Amino acid sequence: MGFAPTIRIQQQPFDTAAETALLTAGRTDIGAVVAFTGICRGSETEGDISALVLEHYPDMAEEEIARHVAEATERWPLLGITVIHRHGRILPGEDIVLVVTASAHRQAAFAAAEFLMDYLKTRAPFWKQVERPDGSAWVEARADDDAAAARWRES
Amino acid sequence: MGFAPTIRIQQQPFDTAAETALLTAGRTDIGAVVAFTGICRGSETEGDISALVLEHYPDMAEEEIARHVAEATERWPLLGITVIHRHGRILPGEDIVLVVTASAHRQAAFAAAEFLMDYLKTRAPFWKQVERPDGSAWVEARADDDAAAARWRES
Amino acid sequence: MRLVYFAWVRERIGKAEEEVDLPADIVTVADLAGWLTSRGEEYAHAFENPKVVRAALDRVHAKPEASLAGVREVAFFPPMTGG
Amino acid sequence: MRLVYFAWVRERIGKAEEEVDLPADIVTVADLAGWLTSRGEEYAHAFENPKVVRAALDRVHAKPEASLAGVREVAFFPPMTGG
C-alpha cells in the first residue's frame, strides 16, 4: 500500500474529528471519507447497561487488525485507513471503535469500512462483558455478524 | 420518523465533527454512526482541477433530499440523519457534501448512508462544473452512479 | 407557466427562466420539449438530444409522458452530478 | 508451551496463562483441547462445548486440526465480540 495506516488499541477515548483530519490534511487526491464510530449503548433488549468491559489479546489484536487492513488495501484503491479500538471499561454514550477509510471515490471507502467493521466484529480478539444493574455477563457472538463477515468471502 | 433530520444546502463550509456531535449528544440509544464526507479532488484522469462550481435548483434540492431522507427512515431503523450539500465554488481539498446516519446497529447506518449518497449523486438537482487551467466544463453523469442508485430499487 | 433551466440547458438557451403561454395541444413534458425546440436554434441546441434532458414538474422529477395539467413550474436540466 | 486464555474460558479455567509440557501424542489444537479437558473440572467446564472455543497459534486464528509443531503460544477463547 502507498500509505501508512494508523492502527491503535488503547484504553483512553479517541477523537474522531482529529483522526479524520489527520487522514486528509494537506491532500487533494481524496474524494471520499467514511468514518464509522461504534458507541456503547445504554440499553439493549435484555435491559439497561451500566458499562461494557472489553477484554482483548493485546499482541494478536494489533496483528489481526493489521492483516485485515492490508487485505482491505489489496481489495480496494484506498488512500488512507485508521482503525482505533478501545479496551477496558466503557460507559454508555462513549465511543468503542473507530474505522476511517479514504479513497478517490465513495464506493471503495464505504466497502472497505464495512469490510473492516465486519471483521473487527468477528475476528479481532476482543470480548465484551456487559455490566447490568443486576450483574455482568459475557456478550454472545451474533449469528448475523458471522453472516456479515462471510459475505466478503463469496465475492 | 421519531427524530428531526437536519437537511441544509449552503455555500459556506460545514464542520463534520460538530454536525456528528450534534446528532449523538446526550444520547445512549445510538450504537453506530456513519459519516460520509465528499471532498473536491485536485485532479482527475482528465487533468488538474482548479475548482468545482456547483449549480443547484434551490427549492427542489431541499425537497428532493427530504424525500430520500424520509424514504431512508422508512427502510432502516435510524435514530438520526444529517445531510449537508454545498453549492457555489469549491476548491480542491474542501468538503462538498456530508451525510451522517445514526442507528442502534451498524448495518442500518451503513446502508442508509450509501443509499443517501447514491441518490444525492443521481437525483438531487445539483450540477458540477469543473474549472481546469485550460477552461471549464460540465461534469458528465457517471453510468456507475446510475447503477449504484438503481440497486436500491431491486431489493 | 414558468420554465426554469439549469446547467448546460440554461447556458444553451441563454436564460435561467421565462414565462410561457402554451398552445392547447401541449399536454406532456415531451410535447413541451418539442414545442420549445421549434422556438429557435438555442432551444434546438439545448434539446438536440432530448433523451438526456431531464425534467421536473413543480420540483418533482417527471418522465417525458407526464402530464402538465395544473403544473406551475417546469424545470429542464442535464443528468444530475451532485454529491 | 505457553497457553493463554481469554474471557469466559479464562474465568472457567481460573487463570489467564500457564506453561505446559505436552505429551508426544498431542499433535493438533483439538488434541490439546482434549488433553486439557482431562486435567480437571475447571478445564472440562471451559471446554464442555469444544466447538465454541476458538484457538490461535502464535497469535493467528487456527482450526482444530491445525498442527502445534513449532508453536510457542496457544490461545483459547470464546467467539469474538469486538467492534
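First, a word on what this report is: a plain description of the structure on this page. (Residues numbered from 1 in each chain as written. Chains lettered and ligands numbered in written order. Predicted model: local features only at pLDDT ≥ 70, side-chain atom pairs only at ≥ 80, totals over all residues. Heavy atoms only, no water.)

1. Here we look at the overall build of chain A
Now for step 1: Of the regular secondary structure elements, chain A holds 4 helices and 10 strands.
Now for step 2: The order of α-helices and β-strands along chain A, N terminus first, is β-α-β-β-β-β-α-β-β-β-α-β-β-α.
Now for step 3: Seen through its C-alpha atoms, chain A measures out along the principal axes to roughly 50 × 35 × 30 Å.
Now for step 4: Here chain A holds 155 residues, and the buried ones make up 57% of them.
Now for step 5: For chain A, contacts bridging at least 24 residues in sequence account for 77% of all contacts bridging at least 6. (Helix = DSSP H or I, 4+ residues; strand = E, 2+ residues; numbered from the N terminus. Buried < 20%, exposed > 50% of the residue type's maximum accessible area, 1.4 Å probe, protein only. Contact = heavy atoms within 4.5 Å.)

2. Describing helix α2 (residues 58-75) of chain B
Now for step 1: The end-to-end C-alpha distance of α2(B) is 26 Å, a good match for the 26 Å that 18 residues give at a rise of 1.5 Å each.
Now for step 2: By the burial criterion, the buried members of α2(B) are M60(B), A61(B), E64(B), I65(B), H68(B), V69(B), E71(B), A72(B) and T73(B). (Expected span 1.5 Å × (residues − 1).)

3. What to know about the interface of chain A and chain B
Reports often express the size of an interface as the amount of accessible area lost when the parts come together.
Now for step 1: Listed as interface residues are 33 residues of chain A and, on the opposing side, 34 residues of chain B.
Now for step 2: Roughly 2,500 Å² of surface becomes buried between chain A and chain B when both sides are summed, with 55% attributable to carbon and sulfur atoms.
Now for step 3: Considering only the surface of chain A that becomes buried against chain B, R41(A), R106(A) and F110(A) emerge as the three largest contributors, covering 26% of it.
Now for step 4: Between the two partners, chain A and chain B, sit 4 salt bridges.
Now for step 5: Our count for the chain A to chain B interface comes out at 11 residue pairs in polar contact (both at pLDDT 80 or more).
Now for step 6: Counting only elements with at least two residues in the side of chain A that touches chain B, the list comes to α1 (16-24), β2 (32-39), α3 (106-123) and α4 (143-154) of chain A. (Buried area = accessible area lost by both parts, 1.4 Å probe. Salt bridge = Lys/Arg side-chain N within 4 Å of Asp/Glu carboxyl O. Polar contact = N/O pair within 3.5 Å; in protein donor to acceptor, adjacent residues only side chain to side chain.)

4. Here's the deal with the packing of α3(A) against helix α3 (residues 106-122) of chain B
Now for step 1: Between α3(A) and α3(B), the least distance of the axes is 11 Å, while the angle of their chain directions is 175 degrees. When the axis of α3(A) is compared with that of α3(B), the two are roughly antiparallel. Within the contact between the two elements, α3(A) uses R106(A), F110(A), A113(A), E114(A), M117(A), D118(A) and K121(A) and α3(B) uses R106(B), F110(B), A113(B), E114(B), M117(B), D118(B) and K121(B).
Now for step 2: By residue class, the composition of the contact of α3(A) with α3(B) is 6 nonpolar, no polar and 8 charged. (Axes fitted to C-alpha atoms, helices over the stretch in contact; angles between N-to-C directions. Parallel < 35°, antiparallel > 145°, perpendicular 65-115°, else oblique. Nonpolar A, V, L, I, M, F, W, Y, C, P; charged D, E, K, R; others polar.)

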